[in-house]
Structures are given as C-alpha cells and as structure tokens.
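Structure assessment
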Amino acid sequence: MDAPRTPNRTADPSQLPKARSAPTSPPAAQGRLDWRELLQWLEADGLIDEASAKYGWERCAHASGKLHALQRVALAGLKRASDGRSLDLDVLTEWLAQRAQMPYLRIDPLKVEISKIGDLMSTSYAERHRILPVAASTEAVTIATCEPFDRAWVPEMERMLRRPIELRVASPADITRYTVEFFNLARSVKHAQKSGNTGGVNQFEQLVELGRSGRALDANDAGVVQVVDWLWQYAFEQRASDIHLEPRRDMGVIRFRIDGVLHTVYQVPGSVMGAMTSRVKLLGRMDVVEKRRPQDGRIKTRRPSGDEVELRLATMPTAFGEKLVMRIFDPDVVVRDMPALGFPAHEAREWQRLTRQPNGVILVTGPTGSGKTTTLYSTLKRLATEEVNVCTIEDPIEMVEPAFNQMQVQPAIDLSFAEGLRALMRQDPDIIMVGEIRDRETADMAVQAALTGHLVLSTLHTNDAPSSITRLLELGVPSYLASATLLGVLAQRLVRTLCPHCKQPDDTFDQEAFRAAVAPWKTQSEVRPYKPVGCVECRNTGYLGRIGLYELLSCSETLRALLVRSPELAPLRAQAIKDGMKPLRLAGAIKVAEGLTTLDEVLRATPDPQR
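This is a predicted model, so every value here is computed, not measured.

1. As for the sheet that holds strand E13 (residues 431-434)
- If you walk across this open sheet you meet the seven strands as E12-E11-E13-E14-E10-E15-E18, and the pairing is mixed. The sheet is open, and its two edges are formed by strand E12 (405-408) and strand E18 (543-554), each paired on a single side. Adjacent strand axes in the sheet meet at a mean angle of 20°, parallel and antiparallel pairs treated alike.
- Relative to E18, strand E15 (residues 486-498) is paired through 10 bridges, and the arrangement is antiparallel. Across the sheet, residue Gln492 finds its bridge partner in E18, namely Tyr550.
- Helix H14 (residues 417-424) contacts strand E11 (390-394), E12 and E13 of the sheet and is inclined by roughly 165° relative to E11.
- Against the sheet, helix H16 (residues 465-474) engages strand E10 (360-365), strand E14 (455-460), E15 and E18, with an angle of about 140° to E15.

What follows is the structure, encoded as structure tokens:
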C-alpha cells in the first residue's frame, strides 16, 4: 500500500491559502485524503468562506485522528456559504465525487450482490484500501471507495479479477459499516454451507448424486444463527413488512416486501436456506421435522434500538422445499392516532363516534395487506380501558396485546370463529373482536352478540363498504337483523406515498383523466399534483412509505329503512353517498390533490365505483 501523501501542513490556520476559482479538472492529487486539503478545496470551490475555513481548522484539529478526513470535516458543522445548508457527510461526499470527476454512490444494501463480495477480495484488503465491491459482472467490477485519489491498488486488482474496475465515491461511514456487515454475512453463509451437506434439499426434483456424504446442516450452526440474526436486523432497517424465504431449483431467494413491493435481497445455497427455515421454526416453537404440511408460529424479538417486534410465521411446502414467510408487526402502530393512519378529520371523528357505541356491529373490509389489522388493533387499544372487558377471537393472533383477552382459532379441536364467539359470550365481554366473518354461523353469532348488548368488530373481504352489507345478507343474516345491529362499515386500502425528498410538480398531469376517475364526485376543479422522481432516500422508486385510504359508511335511519325494503347494492351505495360517504377513489383523489400520492397509485389500489 502506498504511503499517504503529506501535503504542506501548517500549524496556523491563518496560513491557509486564499480562495481561488473552482478548478475545471480534478486536482493532481494522489494517495489518501487529508482534512487540511479538504478545507482548502472547500474554500477554493466557494462552498465556505475564509472565516468558516479557520473555524473548521480549529474543530478538525481537535477531532479524533482515527476518523476519515471527510468525517472530521463533517463533524466541524460547517454551513455552505451560498444557502446555509449543512455540510454533512453525504453532502461532502457528493461534492468530493464531483471534484474528483467520479460518480457518487449512496450504497443501497438491497442492490448490492453480497454473495459475490467474498469471492472478489478479502476483508483485510477491503479495509486496508477503504473500498467495497458493490456489483460484479463478466464485463466489469464496480467498487465503492472513500479515497478517490488513492488508486495505486487498481491495476493490481484488475489483473487479479481479469476485468476492468469502475470506481464510485461513497461515504466513508457507509463503506466502514457495510464492509463489516457484508463480508461477515458472506463468511457466515460459506461457513454454514461447508458445515452441512449441500445435496440434502427436500424437493420434488431431487437430484440423486452418488458418493456424496456429510451431515445435514444444523439449525444451531453458528453460521446459520448469524445469517438469521442479520436477516431480521436488515429487514427492520429497510422497513420491511414481510420476509420471504423461497426455495428455488438451484438457490434459495430472500425477498423483502417494502411499501407493498417485493425486493430480492439475497440468494443463498439451498442447504443454507433450509437451515435458516429450520432455525426460524425452532425459535417459533414449530415442528422442525414436519415439512409436508403448512404450519403457523410466532416470534417476539427486538430491534437494535431495543423496541419489541413480533413476527408471525407461516410455512408452505413447495416443489423445491419449504417456503417461509415472516410478517413483521410493529407494536408501535397500535398507539398511532387516526390522523397518523391517514384518516381525514371528519372520518376520524365519525369512526370514534361509531366505536364508542355500547352495542352493534362494525365491519372493516379490504383485501389482505390493506391495513385492517392495524386499524382494528389501534381502535381496540383505545377502547380497552380498565372499565371494559375486550375479548378477541383470531386466526391467528396477529399481535399479542396485554390489554386484550385473545383467543386463537384451533380447527384441530373444532374451535372455530363461531365456537370461539359462543365461548366469549360467557366471559362477560363488553367489546368483542372477531377476526373474520366467514360463514353464516359466525355472522349469526356476531348479530346475536350485538343484539344482547355487546359491541362487535370484525372484518370481511369485499371491494367496498356497501358490498359488505349485501355480503352479510348473502351469508344468511335477515335484512331486519342487519338493519337493527349494523352501525357502520369501513373499507380501506394502502397506497404508496410520494418521497418528500425528490417529488416534483407534475406539469403533464391529465386533468381530464383525473376528473373522469373521481366523477361524479368532485373535489377541486383543478389540482396541482406531484410526480415520483427517485433519489437515494427512496431507492429511486419515487415513493417512501404508505398511507391509508378510507371509505366510511355510517348506517343512517334512511339507509336502515332501505336495507329492509330494498337490499340491493346500487340503491344502498347511492344512499350511503347521499349520507356523506366518500368512496375510496374519491379519498384517493383527495390525497392526490394534497400532493401525497399519484393518480396511478389510486387507480391501482381502488375499485371502480361505477361497476
């Protein structure tokens, strides 16, 4: 390794050179960066003035010598002379990349081919040169560096890899962190693979290889334990709602669902995938040996911050082995208020009024993954005071909540929703939550519970709120009983929200298409919407996070009379709208007008109200 270059370093900050015009070409620099040079360049490029340079000199001189030069300057807390923007580490790194005339890279772990990193170089080599491989193909290898002028290692590495190297400038903090994480993960996977038999995957297309022997990979092997621990920590950091472990013909694929979209994260050998699945099943108190039938389980763990997180586990046998999905439930969501969930003020007040009624039936409807569980748990959490008894019957229990008395459906012992609800009726409940109304028996029991003075909350799977009323009738509930007990129905969807860091006004927005989408309900004659652009914060998707769309139907006296007299869907929907219900598509249009999401997202997620 070349020795770091030693620039002309003076002990007196007054001896810093005066500002000069920004260079049109990168400085003729070689070797490692020095914080003194960085301050000189910042002043030369006009990002800071002379007074700021002197202040930065004093701060950097007292910083730890173990820090990278960029980190020392970032800790000085300097402001950009032109607009007062903080010169933090990311801003400084991007500026350095421009000065070195090299592309800037914000390392996205989801896009790094971690499985190839360990084959390209050793950990010590990467740490010595402050570099990190991030992509590899047959044509080139892309390597991130925080030392853009230290390139003495490049020719040697190109000879070893027999491919050209493409350099990118990245934050030294990211390179330090991910060098440890990525190489440790790759090492753990290799260790796990070597410690077991790679040919023992249980799949339909099993290849019989003669002469192969070795013990089966164990769920408690150190490598497997480390990979699973990394997987959870990684999922929490990436805001994943689900983790998929999917066995394929040649490899196992790990995917995360983030903001409703699946992303491939990592590929591991089939034997390692099987051992990871066994490890998770073991922790979830599931039958590790049984791989032929689906199983459910749950795990409670902690984020690196110390907050508790629950994972609901579900396995399924596939042609290439056992598939495992882990759904992540954050207990913090149950303490969010209605505006935080996306409820408009009027709907939030009406929902609170409905849920504070002493008796009746309230339904929440929507497809899987639309946020029904979050809405119900958040509501029950606020209703579960010391003066009331809140009981639930679920399949399975989504999140364990101490304030509720929760019971799980057990088909093996004939404990169905209806039987569970019948048992709960003998527990002196005030509020009952039924996970889902699937059949006539459960629907009848829910109605009877409401008639006898209990508040019953449950879910259905229908397209919109009015359809839930007709679904109850289709299940066999008499119209007069539905009219007497039903308080309201909440239909909901989740749509991705635009990234606040990069969204831009959409000058090409089709106002006519917007009006057609929300007709005959109008919000504004004209809107000023935004469009997704993409940046490092949102992984170039243009979207960051999700928000709820809600359609709240409150049963007025007029609608109750109509339900008994003419229980068809079209007149019920028309009356609900006349009573003030805003259809899902209109709720989405309002979010578009507020600049929170896009029309495409709303059209994708909401049903056509004209159908």
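Read on for the rest.
2. Quick word on the sheet that holds strand E8 (residues 308-318)
- As summarised here, the arrangement of the six strands in space is E6-E5-E4-E9-E8-E7, forming an open sheet in which the pairing is antiparallel. Where the open sheet ends on each side, the last strands, each with one partner, are strand E6 (261-269) and strand E7 (296-302). Each strand axis lies, on average, 20° off the axis of its neighbour in the sheet, ignoring direction.
- Alignment of strand E5 (residues 251-258) against E6, held across eight bridges, turns out to be antiparallel. For Arg257, the partnering residue across the bridge sits in E6 and is Leu262.
- Lying over the sheet, helix H10 (residues 270-283) contacts strand E4 (242-247), E5, E6, E7, E8 and strand E9 (321-329), oriented at roughly 110° with respect to E6.

3. Quick look at the packing of H14 against helix H15 (residues 440-451)
- Packing of H14 against H15 brings their axes to within 8 Å, and their N-to-C directions diverge by 20°. One finds that H14 runs roughly parallel with respect to H15. Relative to H15, the crossing made by H14 is left-handed. Residues Phe417, Ala418, Glu419, Leu421 and Arg422 of H14 pack against Glu441, Thr442, Met445 and Ala446 of H15.
- By residue class, the composition of the contact of H14 with H15 is five nonpolar, one polar and three charged.

4. Looking at the UniProt feature "domain: Bacterial type II secretion system protein E" (unreviewed entry) in the chain
- Per the UniProt record, "domain: Bacterial type II secretion system protein E" (unreviewed entry) is found at residues 425-439.
- Along residues 425-439 one finds 0% helix and 27% strand; the C-alpha atoms at either end are 18 Å apart.

5. A short note on the packing of helix H19 (residues 557-565) against helix H20 (residues 569-578)
- The N-to-C vectors of H19 and H20 enclose an angle of 175°; their axes lie 10 Å apart at closest approach. Classed by the angle they form, the pair H19 and H20 counts as roughly antiparallel. Counting all contacts with H19, which are made through Thr558, Leu559, Leu562 and Leu563, the residues of H20 involved are Pro571, Leu572, Gln575 and Ala576.
- Residue classes in the contact of H19 with H20 are distributed as six nonpolar, two polar and no charged.

6. Comments concerning the pattern of salt bridges
- Per the counting criterion, the structure on display carries 37 salt bridges.
- Close ionic contact of Glu181 with Arg177 constitutes a salt bridge, the shortest N to O distance being 3.0 Å. Of this pair, Glu181 and Arg177 both sit in helix H8 (residues 172-194), four residues apart, roughly one helical turn.
- Taking the relative accessible area as the measure of exposure, Arg177 reaches 30% and is therefore partly exposed.

7. Remarks on the side chain of His454
- Note that His454 resides in the loop between H15 and E14.
- According to the relative accessible area criterion, His454 is buried, its value standing at 10%.
- Separated by 2.9 Å, the side chain of His454 and the backbone oxygen of Ala449 make a polar contact.
- A distance of 3.2 Å separates the side chain of His454 from the side chain of Thr452, its partner in a polar contact.
- Once you skip the residues sitting within four places of it in the chain, His454 turns out to touch Pro358, Asn359, Gly360, Met425, Pro429, Asp430, Ile432 and Ala449.

8. Observations concerning helix H2 (residues 50-61)
- With 12 residues, H2 extends 16 Å between its outermost C-alpha atoms, agreeing within 8% with the 16 Å of an ideal straight helix rising 1.5 Å per residue.
- Buried within H2 we find Ser52, Ala53, Gly56, Trp57 and Cys60. The buried residues of H2 occupy one face: seen down the axis, they fall within an arc of 145°.
- Buried residues along H2 sit in contact with helix H1 (35-44) and helix H3 (69-75).
- Among the residues of H2, the N-terminal cap falls to Asp49, whose side-chain oxygen and the backbone nitrogen of Ala51 are separated by 3.3 Å.

9. Describing the packing of aromatic side chains
- Counted by the stated rule, this structure contains nine aromatic pairs.
- Between Trp41 and Phe149, the ring centres sit 5.7 Å apart and the planes meet at 80°, which makes this aromatic pair edge-to-face. Highlighted residues: Trp41 in helix H1 and Phe149 in the loop between strand E2 (141-145) and helix H7 (154-161), separated in sequence by 108 residues. Comparing Trp41 with Phe149 shows no difference in burial state: the two are buried.
- Between Tyr178 and Phe182, the aromatic rings sit 5.0 Å apart at their centres with planes inclined by 20°, giving stacked as the arrangement. Here Tyr178 and its partner Phe182 are both found in helix H8, four residues apart, which amounts to about one turn of the helix. Accessibility assignment for this pair places Tyr178 and Phe182 in one class, buried.
- A connected cluster of aromatic rings, assembled from ring pairs, spans Trp230, Tyr234, Phe256 and Tyr266.
- Sitting above the plane of the Tyr543 ring, Arg496 keeps its charged end 4.1 Å from the centroid.
- Directly above the ring of Tyr530 sits Lys503, whose terminal nitrogen or CZ lies 4.7 Å from the centroid.

10. Things to note about the confidence of the model for the chain
- Overall, the predicted model of the chain reaches an average pLDDT of 85, with 88% of residues at or above 70.
- This model gives residues 197-216 a pLDDT under 50, and the stretch forms 29 contacts once residues within four places in sequence are excluded.

11. Let's talk about the environment of Phe149
- Residue Phe149 is classed as buried on the basis of its relative accessible area, which comes to 6%.
- Sequence-wise, Phe149 and Leu33 are 116 residues apart; in three dimensions their C-alpha atoms are separated by 7.5 Å.

12. Concerning the nonpolar core
- Counting residues in each nonpolar core, the largest one holds 90 residues, and the members touching the most others are Ile254, Phe256 and Met326.
- If we skip the residues at most four places from it in the chain, Phe256 touches Leu110, Leu231, Tyr234, Ala235, Gln238, Ala240, Asp242, Ile243, Val261, Leu262, His263 and Val265.
- Of all hydrophobic cores here, the second largest spans 43 residues; its members include Leu562, Ala576, Met581 and Ala587.

Reading the values: rules and limits
Residues numbered from 1 in each chain as written. Predicted model: local features only at pLDDT ≥ 70, side-chain atom pairs only at ≥ 80, totals over all residues. Heavy atoms only, no water. Pairing = 2+ DSSP bridges. Helix = DSSP H or I, 4+ residues; strand = E, 2+ residues; numbered from the N terminus. Axes fitted to C-alpha atoms, helices over the stretch in contact; angles between N-to-C directions. Contact = heavy atoms within 4.5 Å. Parallel < 35°, antiparallel > 145°, perpendicular 65-115°, else oblique. Left-handed = near helix turned anticlockwise from the far one by under 90°. Nonpolar A, V, L, I, M, F, W, Y, C, P; charged D, E, K, R; others polar. UniProt positions renumbered as here; feature names shortened; annotations may be inferred. Salt bridge = Lys/Arg side-chain N within 4 Å of Asp/Glu carboxyl O. Buried < 20%, exposed > 50% of the residue type's maximum accessible area, 1.4 Å probe, protein only. Polar contact = N/O pair within 3.5 Å; in protein donor to acceptor, adjacent residues only side chain to side chain. Expected span 1.5 Å × (residues − 1). Arc of directions from axis to C-beta. Phe/Tyr/Trp six-rings, centres within 6.5 Å; stacked < 30°, edge-to-face > 60°. Lys NZ or Arg CZ within 6 Å of the ring centre and 35° of its normal. pLDDT = per-residue confidence, 0-100. Core = buried A, V, L, I, M, F, W, Y, C linked by side-chain atoms within 4.5 Å.

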